[in-house]
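Listed below are the residues making up each chain.
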Amino acid sequence: MEAKKKAVVIGAGVGGIATAVFLAQKGFAVEVYEKNANPGGRCGQMQQDGHRFDLGATILLMPSLYRQVFSALGMDMDKELETTSLEPVYKLFFGDNTDFAFTRNPDRMKTQLEAIEPGSNAQYEKYIKEGYEFFDMSMNDLLGRNFYHIFQFINLKSVRLLIRLKTWIKHTDYIQRFFRDHRLQKAFTFQNIYVGQNPYRQPAFFSMLPGAEIAEGALFPQGGMYRVVEKLQETALELGVKFHFKKPVKRIVTKGNKTTGIELESGKNVDADVVISNADLPYIYNELLPKSRMITRLKNKEYSCSAIVFHWGMDKVYEQLDHHSIFLNEPYKEGMDKIFNEKSLSNNPSFYVHAPVRTDKSAAPLNEDTLSVIIPVGHIDEKYDQDWQALKQSARESVIRRLKEAGMTNIEEHIKFELCFTPKTFESYCNVTRGSVFGSLSHTIFQMGYFRPHNRHRKYKNLYFTGGSTHPGNGIPLVLLSAKLTSERIMKMHNR
């Protein structure tokens, strides 16, 4: 009987574990090496005094992609995860103290829209329909497939696709075709921040994000988003995948045009027929591989923003907050400029609050609350004087002030404990370049499809990549898709 080929996976993030499952199903002996004590990476979880915090994604978006990948893994998402459909998806608070429920209920949405801008409901329906069509087209022809050579991407069909996806017009310009009211324009474009983008710079193609939210809904798993990680790991273990925690990798061992395995920081060598790295791609080239021109190429690419995150254990529940509450504060555009142009933070930043107790009572002790406050901020950049302690304090003061304006006048008195993550934390804990917690490499049109770093190394033919910084991109749904595409490529290249 032929011995199983051995695959080593670097990193137990969502992409790494899902890839391990795919390969184990195909007969590989798989081992996963993770530098931290627990799996999950940027989709990790933390618990303290009965309060549970998701450390990364807080909402299950694009459930069709989860179902597609779970099904390919031999799993039924709807049986594996006990989910609640969020209604509304979130509540928006504008700078003029008005609010807006981002609801999938057509009647409720129509009532809100017509009260703000008469005639806007028909425009909303058109915008959402087009956005979801962008989602379908991109998944079929741009994001949901491997590109094995450049002419699979650069051809007349792709040119037509990019035109149809409105890649030539900025999202904030495009939205003006549908809504005149500035609040509605913000309500349907701020979603770019999900992948660390500036809606004033990125193409209208990303209207697929609100389009998918309304068309497919947004779910929350009981137990938090970490349940996705746990379920993937359970399946991996059942298939015989071996996990090694607190085992940081020092380098990927190379010989000629291939890799022979990895060397751990302990000095131990682990041989492998195939190596798949789920680490952040710029980190891999900078720290784990021999120096090459790719380091400079990656350094010159556009990076997504980061965030300052406060996790609060509360001894009181504030009914003003929904499961997700988005505060879009003024001056809004100047706030975006501070993040993306100056790599800093405005004096009145926009932010969102995750309050999972609204949907899952197990997230906090009885009659108490668990809040995570996420404030987008510039990523780490050596060209700028970034005092993270000062920015952290400024962010906290701004958030407290805005929450008090929204009626939570004594909120500071009810914070039992506080944990804070800055871009420096994410850079250290997750090895994510520049602390870009939404995923290091941004989604510009020239950093997508064939132009995004490929999921197979150009020189080392048995070295592959999975995760947010390779094709197809950032966010848990695309990371799951990345695992599927990378595994398909490995099977194709190894005739399995």
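Anything mentioned here points back to the structure above.
Note that the structure is a prediction, hence the values are computed from the model and not measured.

(A) Geometry of the overall build of the protein chain. From N to C terminus, the protein chain includes 16 helices and 19 strands. Relative to a compact globule of 496 residues, whose C-alpha radius of gyration would be 23 Å, the protein chain shows 22 Å and is just as compact. Taken along the three principal axes of its C-alpha coordinates, the protein chain extends 70 × 55 × 50 Å. Taken across its 496 residues, the protein chain has 59% of its residues classed as buried. Contacts in the protein chain between residues far apart in sequence, at least 24 positions, make up 74% of those at least 6 positions apart. Carbon together with sulfur atoms contributes 48% to the accessible area of the protein chain, which is approximately 20,100 Å² in total. In the protein chain, 65 side chains carry a positive charge and 55 a negative one; their mean positions are 10 Å apart.

(B) Seen up close, the sheet that holds strand 9 (residues 242-244). On the basis of which strands lie adjacent, the open sheet formed by five strands has the order 9-2-1-13-19 and parallel pairing. Where the open sheet ends on each side, the last strands, each with one partner, are strand 9 and strand 19 (463-465). For this sheet, the mean angle separating the axes of adjacent strands, direction not counted, is 20 degrees. Both strand 1 (residues 6-10) and strand 2 (residues 29-33) contribute to a ladder of five bridges, which runs parallel. Considered in strand 2, the bridge of Ala 7 is made with Val 30. Helix-sheet contacts for helix 16 (residues 476-493) involve strand 13 (274-277) and strand 19, and the interaxial angle to strand 19 is about 160 degrees.

(C) Structural context of a positive patch on the surface. Residues Arg 293, Arg 297, Arg 458 and Lys 461 make up a contiguous surface patch of positive charge. Within the fold, Lys 461 resides in the loop between helix 15 (423-430) and strand 19. Judged by relative accessible area, Lys 461 falls into the partly exposed class, the value being 38%.

(D) Local environment of the packing of helix 2 (residues 63-72) against helix 16. Where helix 2 meets helix 16, the closest approach of the two axes is 9 Å, and the angle between their N-to-C directions is 30 degrees. Taken together, the axis directions place helix 2 and helix 16 in an arrangement best described as roughly parallel. Crossing of helix 2 against helix 16: the hand is left-handed. Residues Leu 65, Tyr 66, Gln 68, Val 69, Phe 70 and Ala 72 of helix 2 form the contact with helix 16, whose own contacting residues are Ile 476, Pro 477, Leu 478, Leu 480, Leu 481 and Lys 484.

(E) Main features of helix 13 (residues 332-340). Within helix 13, burial applies to Tyr 332, Gly 335, Met 336, Ile 339 and Phe 340. Summarising the axial view, the buried residues of helix 13 lie within an arc of 120 degrees, below the 170-degree limit, and thus occupy one face.

(F) Layout of the sheet that holds strand 14 (residues 306-314). A sheet is described by the order of its strands in space; here seven strands give the open sequence 7-6-15-16-17-14-18, paired in mixed fashion. Two strands in the sheet have a free side with no partner beyond their single neighbour: strand 7 (99-102) and strand 18 (415-421). Taking the axes of each pair of neighbouring strands and ignoring which way they run, one obtains an average angle of 20 degrees across the sheet. Sitting on the sheet, helix 14 (residues 388-405) touches strand 6 (90-94), strand 14, strand 15 (324-328), strand 16 (351-354), strand 17 (369-377) and strand 18, and the angle it makes with strand 14 is about 55 degrees.

Basis of the calculations
- Each chain carries its own residue numbering, running from 1 in the written order of its sequence.
- In keeping with the model being predicted, local features are shown solely for residues with a pLDDT of at least 70 and side-chain atom pairs are shown and tallied solely at 80 or more, while totals for entire chains, interfaces and linings include all residues.
- With hydrogens and water stripped out, all remaining heavy atoms of the structure feed into the side-chain values.
- Counting from the N terminus, the helices are the DSSP runs of H or I reaching at least four residues and the strands are the DSSP runs of E reaching at least two.
- Within these notes, the globule rule equals 2.2 Å times the number of residues to the 0.38 power, and the radius of gyration is based on C-alpha atoms.
- Burial here depends on accessible area, computed with a 1.4 Å probe over protein chains only, as a share of the maximum for the residue type. Under 20% is buried, over 50% is exposed, and the range in between is partly exposed.
- Two residues qualify as a contact provided that any one of their heavy atoms is within 4.5 Å of a heavy atom in the partner residue.
- In these tables, accessible area is a Shrake-Rupley quantity obtained with a 1.4 Å probe, and a residue counts as shielded only by the protein chains included in the view.
- Two residue types count as positive, namely Lys and Arg, and two as negative, namely Asp and Glu; His and chain ends fall outside the count.
- Charge positions are represented by NZ for Lys, CZ for Arg, CG for Asp and CD for Glu.
- For two strands to count as paired, DSSP must find a minimum of two bridges between them.
- Helix axes use the C-alpha atoms of the stretch in contact, all axes being lines fitted to C-alpha atoms, and the angles between their N-to-C directions lie in the range 0 to 180 degrees.
- Exposure above 30% relative accessible area and the lack of any salt bridge qualify a residue for a patch; like charges then connect within 9 Å, and the nonpolar side chains Val, Leu, Ile, Met, Phe, Trp and Tyr within 5 Å.
- The term salt bridge refers to a side-chain nitrogen of Lys or Arg lying within 4 Å of a carboxyl oxygen of Asp or Glu.
- Geometric relationships in this document are graded by angle, where less than 35 degrees denotes roughly parallel, more than 145 denotes roughly antiparallel, 65 to 115 denotes roughly perpendicular, and other angles denote oblique.
- Handedness of a helix crossing follows the sense of rotation of the near helix relative to the far helix, less than a right angle counterclockwise being left-handed and clockwise being right-handed.
- The arc in question is the one spanned by the directions pointing from the helix axis to the C-beta atoms.

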